[in-house]
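Structure assessment
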Amino acid sequence: MSRLTRRGPSSIDSESSTGRAQPCGSWLRCARLLCLALVAMVPVLSVGGCARGEGTTLPQSVMDVWVQFRGPVEDSAYYFLALNKNPNFSTRIPVPVATGPFWGNGWGTGSMTHFLEYRLGQYEFYSTNLTIVLRQAGGGILAAGGTPSGADAGRYDLTVGAPVPGVASLSGTGMISGVNNASGQTAGSITVSTDAAGKTIAGSVVYTPAAGSTTLTPTQQAQIAGLNAGGVALQTTSLDSFGLVLTLASATAGAQTITVAPTTATVSVTFVPMAPAPAVQSTASLRANSTAATSTPPIPGATITTGDLVYGGTARIDTEISQSPQLLGPPFAYTIPAGANSLRATIDLSEFGSGLTDLGFNVIATTELIYDPSVTDPAQHCYDALGPLGNDAVTFSTSEYRTYSNADSFVTEGANDSTLRGNVTEAQRAAVDITDWSITLRRIR
């Protein structure tokens, strides 16, 4: 990852004939140019010119983005400005997907909250979300779903510790004098009514699952159904499919409820991010036979379905940047390349929401999106991003109104990176070969 060095304060930039951002000669000239530009803005201008995004309210602060390529922009290719909100100058950055079999959205991974896409003459700005995939079941972890919170794509290895059976409690009056959960991992309540002979009353034996609990096993369902038919003398083993041991008094009529708390286990979690960041170790907890989250879930926001938890078992779960981002709309302003070799757009900083302090970004360009798990050789993929291997993203403060550029970065971007391979023409290769970039933060009002 590159963190930019600080340059002197930058005024609003004008464009030179080469397409590079150049500083204005004076503050007055800058202000005049800005006023003229705002007056001249119209909803849509000619092809190759500037255009305004939807909406009429002027943003307070914006980010001007300029990216240059070795060859003319190819509209059939895919161009992304990938961004991560508030990485706190860490290595939690967006990076390209270099190889399969797990391609996610087909182009980008790492840590990402937003991205700007250009393709087929159109710019669109998106917020991202994560999707979750169970790669390997184990330890009683059966499935994973939902939408994980956060922005970090990567791999979770979950190792289940010793299960702690839920405590069984007894209420009501009847011939059951005590109950012990010897080995069961099913949470919920079971009502039982008996007659004076100590036999079950038909329709009185009912299991009610605890919130978030999964369905009973066929054996448990059969045991409840058998007792519920009525006329069955209670035994100490009458609920052994639930792992319960009953203590019985003399036969008597009564109605009682057995309540079993959820079985839980501590889980050791290893998260290996797809960004070039170190692995993270943590502990969490899971409920047995449940889809309900605990107070310390292994993957916040995700839904993990469990059966009986198994000590020492390990499951592997991936979080990926989803193929279904949320469209926020076009950027505030942009320029259609129309045969030129650069992309230019302006993003309203309010699109990132409140609390914005810094941004990590990478420019990722690729000739195609790949989802095919059989494509695992990087030589079959033609793409480029910042740095020789595409993982030298930049993090910068959004509280400084200034210009950041390729020339300022620790690792400057040059032509003909080794990632530009694949079965493509030289023109296609040049169209995604990043050679220069700059980002300017400025205040409009």
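An account of the accompanying structure is given in this report. Note that the structure is a prediction, hence the values are computed from the model and not measured.

Criteria and thresholds
- Residues numbered from 1 in each chain as written.
- Predicted model: local features only at pLDDT ≥ 70, side-chain atom pairs only at ≥ 80, totals over all residues.
- Heavy atoms only, no water.
- 1 Å grid on protein atoms, 1.4 Å probe; cavity = no way out; pocket = protein on both sides within 12 Å on 5 of 7 lines; lining within 4 Å.
- Points joined across faces, edges and corners; volume = space filled by probe spheres on them.
- Helix = DSSP H or I, 4+ residues; strand = E, 2+ residues; numbered from the N terminus.
- Nonpolar A, V, L, I, M, F, W, Y, C, P; charged D, E, K, R; others polar.
- Core = buried A, V, L, I, M, F, W, Y, C linked by side-chain atoms within 4.5 Å.
- Buried < 20%, exposed > 50% of the residue type's maximum accessible area, 1.4 Å probe, protein only.
- Contact = heavy atoms within 4.5 Å.
- Pairing = 2+ DSSP bridges.
- Phe/Tyr/Trp six-rings, centres within 6.5 Å; stacked < 30°, edge-to-face > 60°.
- Axes fitted to C-alpha atoms, helices over the stretch in contact; angles between N-to-C directions.
- Salt bridge = Lys/Arg side-chain N within 4 Å of Asp/Glu carboxyl O.

1. Notes on empty space enclosed by the protein
A full pass over the atoms with the stated rule returns 2 cavities of 30 Å³ or more. Its boundaries defined by the atoms lining it, the largest cavity holds a volume of some 130 Å³. Val 67, Phe 80, Leu 81, Leu 116 and Leu 343 are the residues nearest the centre of the largest cavity, which is lined by 13 residues in total. Every element with two or more residues in the lining of the largest cavity is listed here: strand S5 (61–69), strand S6 (78–85), strand S9 (114–119) and strand S26 (342–348). Its residues placed into classes, the lining of the largest cavity shows 11 nonpolar, no polar and 2 charged. In this structure, the second largest cavity encloses a volume near 80 Å³.

2. A look at the nonpolar core
Formed by 38 residues in total, the largest nonpolar core has its most connected members in Met 63, Tyr 79, Leu 81 and Phe 361. Looking at this core, the elements with two or more residues in it are S5, S6, S9, strand S10 (122–127), S26, strand S27 (358–366), strand S29 (394–397) and strand S31 (434–443). Beyond its immediate chain neighbours, meaning those up to four positions away, Leu 81 contacts Met 63, Val 65, His 114, Phe 115, Leu 116, Ile 347, Phe 361, Asn 362 and Val 363.

3. A short note on the environment of Ser 285
Position of Ser 285 relative to the elements: it lies in strand S21 (residues 280–287). For Ser 285, a relative accessible area of 15% gives the class buried. The sequence separation of Ser 285 and Ala 265 amounts to 20 residues, and the corresponding C-alpha distance is 5.6 Å. Discounting residues that sit within four places of it in the chain, Ser 285 has contacts with Ala 265, Thr 266, Val 267, Thr 294, Thr 296, Pro 297 and Pro 298.

4. A look at the pairing of S31
The element S31 is largely enclosed, with a buried count of 9 among its 10 residues. Pairing of S5 with S31 involves 9 bridges; the strand directions are antiparallel. By the bridge assignment, Trp 66 is partnered in S31 with Ser 438. Pairing geometry for strand S30 (residues 403–405) and S31, over 3 bridges, is antiparallel.

5. Regarding the packing of aromatic side chains
Under the counting rule described, the total for this entry stands at 14 aromatic pairs. For the ring pair Phe 69 and Tyr 79, a centre distance of 5.0 Å and an interplane angle of 65° mean the geometry is edge-to-face. Separated by 10 residues along the polypeptide, Phe 69 in strand S5 and Tyr 79 in strand S6 bring together distant segments of the chain. Take Phe 69: its relative accessible area is 1%, and that puts it in the buried class. A centroid spacing of 4.8 Å and a plane angle of 20° characterise the contact between Phe 115 and Tyr 126, whose relative ring orientation is stacked. Taken together, the residues Phe 115 in strand S9 and Tyr 126 in strand S10 connect sequence positions 11 residues apart. Classification of Tyr 126 by relative accessible area gives buried; the value is 16%. Taken together, the aromatic side chains of Phe 69, Tyr 79, Tyr 118, Tyr 123 and Tyr 334 make up a single cluster linked through ring pairs.

6. Quick word on the sheet that holds strand S17 (residues 206–209)
Taking strand neighbours across the sheet as the criterion, the 4 strands line up as S14-S19-S16-S17 in an open arrangement whose pairing is antiparallel. Looking at strand neighbours, the two that pair on one side only are strand S14 (168–173) and S17, the edges of this open sheet. Each strand axis lies, on average, 15° off the axis of its neighbour in the sheet, ignoring direction.

7. Re the layout of surface pockets
Computed from the structure, the second largest pocket encloses a volume of approximately 360 Å³. Lining the second largest pocket are 22 residues, with Val 97, Thr 99, Phe 102, Thr 109 and Met 274 sitting closest to its centre. Mapped onto the lining of the second largest pocket, the elements with two or more residues apiece are strand S7 (94–96), strand S8 (108–110), strand S13 (154–160) and strand S23 (314–321).

8. As for unusual backbone geometry
Each neighbour pair has its own omega, and for Gly 100 with Pro 101 the value is 10°, a cis peptide bond. Considering the arrangement of structural elements, one finds Pro 101 in the loop between S7 and S8. Even without a glycine there, the phi angle at Leu 120 is positive, about 55°. Within the secondary structure layout, Leu 120 lies in the loop between S9 and S10. For Leu 120, a relative accessible area of 55% corresponds to the exposed category.

9. Topic: the pattern of salt bridges
This structure, assessed with the given rule, holds 10 salt bridges. With its nearest N and O atoms 2.7 Å apart, the salt bridge here joins Asp 318 to Arg 155. Residue Asp 318 is located in strand S23, and its partner Arg 155 is located in strand S13; the two are separated by 163 residues in the primary sequence. Judged by relative accessible area, which is 25%, Arg 155 ranks as partly exposed. Glu 426 serves as the salt-bridge partner of Arg 429, at 3.2 Å between the closest nitrogen and oxygen. Within this pair, Arg 429 and its partner Glu 426 are both found in helix H3 (residues 426–431), separated by 3 residues, close to a single helical turn. The exposure class of Glu 426 is partly exposed, given its relative accessible area of 43%. By sharing partners, the salt bridges in this structure join Arg 70, Glu 426, Arg 429 and Asp 433 into a single network.

10. Here's the deal with the sheet that holds S23
Strands sit in the order S11-S23-S13-S20-S21 across an open sheet of 5 strands; the sheet is antiparallel. Whereas interior strands pair on both sides, the edge strands pair on one side only; in this sheet they are strand S11 (130–136) and S21. In this sheet, neighbouring strand axes are inclined to one another by 30° on average, regardless of whether the strands run parallel or antiparallel. Examined bridge by bridge, strand S20 (residues 264–273) and S21 share 8 bridges and lie antiparallel to one another. Residue pairing across strands places Ala 265 opposite Leu 286, the latter belonging to S21.

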